[in-house]
Amino acid sequence: MAVVSEISSLLETLTTSIDVFKTELVKQSFIEPSLMTSRPHPIDDPTYVTPPIMYEARRLAVSALERLKLLLESPSEAVASAAVSVAEIQGLRLVAELGIHEVLEDASNQEEGVYIQVIAEKTKTDSLKLEGFLRLLANAGWFRETRPGYFANNRRSHTLKAGSKGYYAAKNMIYYQSNGVGKLPEAMTHPDESFRMSRSPDKTAWNLYAGTDLPFFGSNSWLQQKPGEAQKFGLGMGGMGVASDNGVAFDIPWVDLVKDKDAIVDVGGGQGTLCCALAAAHPEIKQFIVQDLPVTREVAAKYISSKGLTDRVKFEEQNFFEPNKLKGKGNYVFMLTKILHDWSDEEGAKILSRIRECLEDSKSQLLITDPIIRPVIVKGEGPSAKESFAALEGQPRYVPIEPPPFIPEDFGMAGRIGNQVNIGLIASCNAFERTYASLETMVRLAGMRIKGVTATRGYVHVAEVEVDPGV
Ligand SMILES: C[S@@+](CC[C@H](N)C(=O)[O-])C[C@H]1O[C@@H](n2cnc3c(N)ncnc32)[C@H](O)[C@@H]1O
């Protein structure tokens with residue numbers, strides 16, 4: 001058998017996908033993106049919806065690039081860089097907190113940027129320390145250094161615009177993720193075996209970090225008890241929607257789904273980011289209900305009103321372990337988005353059972369939105385990128401392609417966010433993202449079954465779950 005060069009195969013995948021990507025740019029009359037300017041590119045606008053074939057071309061190109069990087073870089077340099085990579089993550093949180101994006105937007109010449117002394121004065125920080133962070137972040141692609149000591153915005157830094165989803169992901173989610181995950185090695189090697197092996201939500205890395213016996217989530221939890229934390233976490237969670245809301249909004253046939261329903265109900269919907277994204281994407285859908293704990297009401301009301309959607313998106317207090325207020329009161333599309341992954345199979349089944357009660361004897365439906373974790377298997381065979389893109393031509397709906405040779409089953413970055421969130425879940429609540437098999441186990445416990453799973457142009461899947469008549 002002929003020996004296949006991994007580098008050549010990946011390079012072919014890369015050039016094929018870049019060609020498709022560039023063709024799509026031309027079709028949509030966009031110029032090529034550039035790393036040499038402070039101007040945002042239209043495809044980076046959060047409201048821009050990437051056409052299915054272009055999304056897939058980008059996903060594949062990035063995956064091929066990552067694999068090529070792994071083949072080419074020195075493993076020794078990689079481990080040294082990984083050992084100190086926390087600096088980039090904390091740097092992102094810092095620049096979001098300091099509002100560096102806004103300082104750079106105020107530059108008289110945005111292409112030139114702002115001198116570090118001026119940035120430091122405006123943000124009341126030490127200029128040498130801040131310069132260290134901005135230079136590191138410029139090196140990692142988050143800003144540009146246009147001449148020594150001058151920093152300017154670029155494509156990535158625009159995602160940190162104050163008040164945007166990306167801003168809250170960087171500012172708030174990094175706080176929870178890094179503090180919890182930072183304690184995970186200690187929790188997983190804890191001298192007390194009953195703590196080390198515990199799957200209980202009150203014996204977690206977060207409990208070690210926060211010095212609390214309360215679980216992170218729930219109606220009597222650290223988030224609920226500590227003033228301001230539920231709001232801060234809600235904004236951070238909403239922020240993570242930057243990498244999933246568009247896919248959920250445009251890859252599910254919402255308008256068809258609501259035809260014979262009274263509303264879309266987002267159970268545990270937090271501040272209402274997803275409902276607002278759906279409302280903006282589908283003006284013909286008139287009624288959305290965000291259900292969550294009372295402490296979330298204020299932040300949800302503020303967010304919904306900031307989007308001008310108070311007439312269509314309502315907040316309703318609902319503990320999802322208790323009978324649902326909407327039971328027997330109509331037909332709904334219920335959603336559980338990034339909820340079940342916070343809970344064990346047994347607790348998850350209790351949440352599902354409450355919605356099952358609403359599904360029985362009605363036209364209501366239930367959609368579960370979470371990443372579905374896949375193994376990171378890489379095979380040396382598979383359809384070529386060319387064959388896969390040819391099959392996608394003219395396809396209006398998003399259908400993920402099969403991985404070409406040497407591309408991991410989960411396509412690297414797209415699968416990585418789910419795996420990263422998984423570690424955050426282990427740290428904060430001893431819970432896990434699910435595989436298809438473990439999702440099925442929990443759903444069965446609730447007397448339900450998976451009807452189908454839709455992949456989206458984002459890091460989550462949407463599974464429709466129905467009452468199992470055989471149970
Ligand atoms: C991981 S967040 C997900 C929020 C939102 N669905 C999203 O995708 O951004 C979990 C949500 O569950 C809510 N929650 C936790 N326990 C709850 C309970 N017992 N009843 C209702 N909501 C609850 C929290 O307030 C929080 O908004």
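On a predicted model such as this, the values are computed, not experimentally measured, just so you know.

Topic: the sheet that holds strand S6 (residues 313-317)
Right, on to step 1. One open sheet accounts for seven strands, arranged S6-S5-S4-S7-S8-S10-S9; its pairing is mixed. Unpaired on one side and paired on the other, S6 and strand S9 (448-455) mark the two borders of the sheet. Here the average twist between neighbouring strands, direction ignored, is 25°.
Right, on to step 2. In terms of strand pairing, strand S4 (residues 263-267) meets strand S5 (residues 288-292) through four bridges, oriented parallel. Its bridge partner being in S5, Val265 is matched across the sheet by Ile289.
Right, on to step 3. Each of S4, strand S7 (332-337), strand S8 (365-370), S9 and strand S10 (461-467) touches helix H18 (residues 345-359); the most contacted strand, S7, lies at about 170° to it.

Here's the deal with the site of the ligand
Right, on to step 1. Neighbouring the ligand are 17 residues; Gly268, Asp292, Asn319, Phe320 and Thr337 lie closest to it.
Right, on to step 2. In this structure, Phe320 approaches the ligand through a main-chain N or O atom, which is 2.9 Å from a nitrogen atom.
Right, on to step 3. Within the contact set of the ligand, a nitrogen atom lies 2.7 Å away from a backbone nitrogen or oxygen of Thr337.
Right, on to step 4. For the ligand, the accessible surface in isolation is 590 Å², of which the surrounding protein chains cover 93%.
Right, on to step 5. Class assignment for the residues of the shell around the ligand results in six nonpolar, eight polar and three charged.

Points about the UniProt feature "domain: O-methyltransferase C-terminal" (unreviewed entry) in the protein chain
Right, on to step 1. Within the UniProt annotation, "domain: O-methyltransferase C-terminal" (unreviewed entry) is assigned to residues 262-369.
Right, on to step 2. Secondary structure content for residues 262-369 is 31% helix and 24% strand, while the C-alpha to C-alpha distance between its ends is 20 Å.

Section: the domain arrangement of the protein chain
Right, on to step 1. Each assigned domain of the protein chain is listed here: domain 1 (1-67 + 85-161 + 375-408) and domain 2 (238-374 + 434-467).
Right, on to step 2. Placing a centre on the C-alpha atoms of domain 1 and another on those of domain 2 gives a separation of 30 Å.
Right, on to step 3. With 13 residues of domain 1 in contact, the opposing surface of domain 2 contributes eleven residues.
Right, on to step 4. For the pair domain 1 and domain 2, the summed buried area comes to about 870 Å², and 56% of that belongs to carbon and sulfur atoms.
Right, on to step 5. Inspection of the region where domain 1 meets domain 2 yields zero salt bridges.
Right, on to step 6. Of the residues assigned to the side of domain 1 that touches domain 2, the class counts are ten nonpolar, two polar and one charged.

Side note on the nonpolar core
Right, on to step 1. Formed by 72 residues in total, the largest nonpolar core has its most connected members in Trp254, Phe334, Leu352 and Leu366.
Right, on to step 2. The leading source of residues in this core is H18, at six residues.
Right, on to step 3. Beyond its immediate sequence surroundings of up to four residues, Phe334 is in contact with Val265, Val267, Asn324, Leu326, Ile355, Cys358, Leu359, Ser364, Gln365, Leu366 and Leu367.

Remarks on the packing of aromatic side chains
Right, on to step 1. If you walk through the whole model with that rule in mind, you get 20 aromatic pairs.
Right, on to step 2. Measuring from centroid to centroid gives 4.8 Å for Tyr175 and Tyr176, while their planes differ by 75°, and the two rings are edge-to-face.
Right, on to step 3. In this structure Tyr175 comes out as buried when scored by relative accessible area, which is 13%.
Right, on to step 4. Taken together, the ring pairs in this structure connect Tyr175, Tyr176, Trp206, Tyr209, Phe216, Phe217, Trp222 and Phe233 into an aromatic cluster.
Right, on to step 5. Sitting over the ring of Tyr150, Arg147 keeps its end group 4.0 Å from the ring centre.

Things to note about the packing of helix H4 (residues 86-98) against helix H8 (residues 165-182)
Right, on to step 1. Packing of H4 against H8 leaves a shortest axis separation of 8 Å and a crossing angle of 135°. By the angle between their directions, the pair H4 and H8 is classed as oblique. As H4 packs across H8, the resulting crossing turns out to be left-handed. Here H4 contributes Ile89, Gln90, Leu92, Arg93, Ala96 and Glu97 to the contact with H8, which in turn contributes Tyr167, Ala170, Lys171, Ile174, Tyr175 and Ser178.
Right, on to step 2. By residue class, the composition of the contact of H4 with H8 is seven nonpolar, two polar and three charged.

Rules used throughout
- Residues numbered from 1 in each chain as written.
- Predicted model: local features only at pLDDT ≥ 70, side-chain atom pairs only at ≥ 80, totals over all residues.
- Heavy atoms only, no water.
- Pairing = 2+ DSSP bridges.
- Helix = DSSP H or I, 4+ residues; strand = E, 2+ residues; numbered from the N terminus.
- Axes fitted to C-alpha atoms, helices over the stretch in contact; angles between N-to-C directions.
- Contact = heavy atoms within 4.5 Å.
- Near = heavy atom within 4 Å.
- Polar contact = N/O pair within 3.5 Å; in protein donor to acceptor, adjacent residues only side chain to side chain.
- Areas by Shrake-Rupley, 256 points an atom, 1.4 Å probe, with all protein chains shown as cover.
- Nonpolar A, V, L, I, M, F, W, Y, C, P; charged D, E, K, R; others polar.
- UniProt positions renumbered as here; feature names shortened; annotations may be inferred.
- Domains from an automatic or database assignment.
- Buried area = accessible area lost by both parts, 1.4 Å probe.
- Salt bridge = Lys/Arg side-chain N within 4 Å of Asp/Glu carboxyl O.
- Core = buried A, V, L, I, M, F, W, Y, C linked by side-chain atoms within 4.5 Å.
- Buried < 20%, exposed > 50% of the residue type's maximum accessible area, 1.4 Å probe, protein only.
- Phe/Tyr/Trp six-rings, centres within 6.5 Å; stacked < 30°, edge-to-face > 60°.
- Lys NZ or Arg CZ within 6 Å of the ring centre and 35° of its normal.
- Parallel < 35°, antiparallel > 145°, perpendicular 65-115°, else oblique.
- Left-handed = near helix turned anticlockwise from the far one by under 90°.

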